[in-house]
Amino acid sequence: MASPALTTGAPDARKGGGARRVRRQLPASPWLFAAPGLLITGAFILYPFVSTLVNSFTDRRTLVPGEFVGLANFRELLHDDMFWIGLRNSSLYVLGVVPALVLLPLLLALLVQKNIPGITFFRSAFYTPVVASIVVVGLIWVWLLDERGLVNSLLETLGGSPVGFLSDQWLILLSAMGVTVWKGLGYYMIIYLAALANVPRELHEAAAVDGAGAVRRFLTVTVPAVRSTMVLVAALSSVAAFKVFSEVYLMAGPSGGPAGEDTTLVMLVQRTGTGLTGRVGYASAISVVVFAVTVVLMLLVLRADRKEDA
């Protein structure tokens, strides 16, 4: 009878030891799961950010390590006409794109929110530009807006004269803005659809009983209910608009349009910091300015939202 008792006690001891070992290993387990993500973040986000910040205080070139020059690159920015042109165009891009991407996707989401026959097709159609490559989208619009493109051909057929969408300084910028808005409509529409699904239907019914029309219900019920989502869309679209590159690059070309007047800040970074003689330090300084301005934009949007809450 003694032998079974000993046999019975042994597994309990093993179980207890195993439990103690598991408890000792638990604190490190989350870090093991997070390690791949942390490594990727460090290699592709944190390290490039720190490297760019350090290079902005040096005169580094593509094949030359460079030396520490302090704030010389930033002082040079103040006297660089192309920097101010890029800052102007990037700022105008934000002013032209953000209001459209805040309001139009909301109206589009209201249109496709109802469950009617065939609405899935329209939702997919509106979202298709989002998944398309920006290069493909840009080339399609370049072909459409070219002097011999479809749009100008239709204008000539109707008795008009060709419009220089891709040759005029301001029309190039407006055309690029149109491409950005067209491509982003579906993405922000999905965000608004998720927000509209959480708006109680009783609020609209109560407003309708009080005699409120469609426009009044939109302003007094829908907009307040999705205001936090509108702030999110404004923040995301403003940062993306200020960092615009592909649309303007494809519309205006590598030179940035006539005399480089359509150059944006990110295009200036690409033009200055690439090539065998690229000024990596100077381009890094421009990148730091772009980062600082995007942070300021985010803070301004969040501050406006807090004031509205107050």
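Residues numbered from 1 in each chain as written. Predicted model: local features only at pLDDT ≥ 70, side-chain atom pairs only at ≥ 80, totals over all residues. Heavy atoms only, no water.

Caption draft 1: Fine view of the overall build of the chain. Scanning the chain from N- to C-terminus turns up 14 helices and 0 strands. Along the chain direction, N to C, the helices and strands of the chain fall in the order α-α-α-α-α-α-α-α-α-α-α-α-α-α. For the chain, the spread of C-alpha atoms along the principal axes amounts to about 110 × 70 × 40 Å. Across the 310 residues of the chain, 35% fall into the buried class. If you take every contact in the chain between residues at least 6 apart in sequence, the share linking residues at least 24 apart comes to 68%. When the accessible surface of the chain is split by element, carbon and sulfur atoms take 69% of a total near 18800 Å². Side chains of the chain carry 24 positive and 19 negative charges; the gap between the two charge centres is 16 Å. (Helix = DSSP H or I, 4+ residues; strand = E, 2+ residues; numbered from the N terminus. Buried < 20%, exposed > 50% of the residue type's maximum accessible area, 1.4 Å probe, protein only. Contact = heavy atoms within 4.5 Å. Areas by Shrake-Rupley, 256 points an atom, 1.4 Å probe, with all protein chains shown as cover. Lys, Arg positive; Asp, Glu negative; His and termini not counted. Charge placed at Lys NZ, Arg CZ, Asp CG, Glu CD.)

Caption draft 2: Just the side chain of Thr272, in detail. Looking at the element boundaries, Thr272 is found in helix α13 (residues 265–273). Excluding residues that lie within four positions of it along the chain, Thr272 makes contacts with Gly278, Arg279, Tyr282, Ala283 and Ile286.

Caption draft 3: Seen up close, a nonpolar patch on the surface. Nonpolar side chains collect at one region of the surface, where Leu46, Phe49, Val50, Leu53, Val54, Phe291, Val295, Leu299 and Leu302 lie side by side and expose about 770 Å² of accessible area between them. Looking at the nonpolar patch element by element, the count peaks at 5 residues for helix α2 (residues 29–55). If you trace the backbone, Val295 turns up in helix α14 (residues 280–309). (Patch = residues over 30% accessible without salt bridge, like charges linked within 9 Å, V, L, I, M, F, W, Y side chains within 5 Å. Salt bridge = Lys/Arg side-chain N within 4 Å of Asp/Glu carboxyl O.)

Caption draft 4: Region of the structure containing the packing of aromatic side chains. Per the counting criterion, the structure on display carries 7 aromatic pairs. For the pair Phe245 and Tyr249, a centre-to-centre distance of 5.1 Å together with 25° between the ring planes defines the contact as stacked. Judged by its relative accessible area of 26%, Tyr249 is partly exposed. Against the face of Tyr282 rests Arg279, its NZ or CZ located 4.5 Å from the ring centre. (Phe/Tyr/Trp six-rings, centres within 6.5 Å; stacked < 30°, edge-to-face > 60°. Lys NZ or Arg CZ within 6 Å of the ring centre and 35° of its normal.)

Caption draft 5: Looking closely at the pattern of salt bridges. For the coordinates displayed, the defined rule picks out 2 salt bridges. Among the ionic pairs, Arg279 bridges to Glu76, the shortest N-O distance being 2.9 Å. With Arg279 in the loop between α13 and α14 and Glu76 in helix α3 (residues 72–78), this pair connects stretches of sequence that are 203 residues apart. One salt bridge connects Glu261 with Arg88, and the closest N-O pair in it is separated by 3.3 Å.

Caption draft 6: Region of interest: the environment of Val233. Here Val233 is to be found in helix α11 (residues 227–242). When its relative accessible area of 0% is taken as the criterion, Val233 is described as buried. On a C-alpha basis, the gap between Val233 and Gly86 in space is 24 Å, while along the polypeptide they are 147 residues apart.

Caption draft 7: Layout of the packing of helix α4 (residues 81–112) against helix α8 (residues 169–196). Look at α4 against α8: their axes get within 6 Å of each other, and the N-to-C directions meet at 40°. When the interaxial angle is binned, α4 and α8 end up oblique. With respect to the hand of their crossing, α4 and α8 are arranged in right-handed fashion. Residues that form the contact of α4 with α8 fall into these classes: 24 nonpolar, 5 polar and 1 charged. (Axes fitted to C-alpha atoms, helices over the stretch in contact; angles between N-to-C directions. Parallel < 35°, antiparallel > 145°, perpendicular 65-115°, else oblique. Left-handed = near helix turned anticlockwise from the far one by under 90°. Nonpolar A, V, L, I, M, F, W, Y, C, P; charged D, E, K, R; others polar.)

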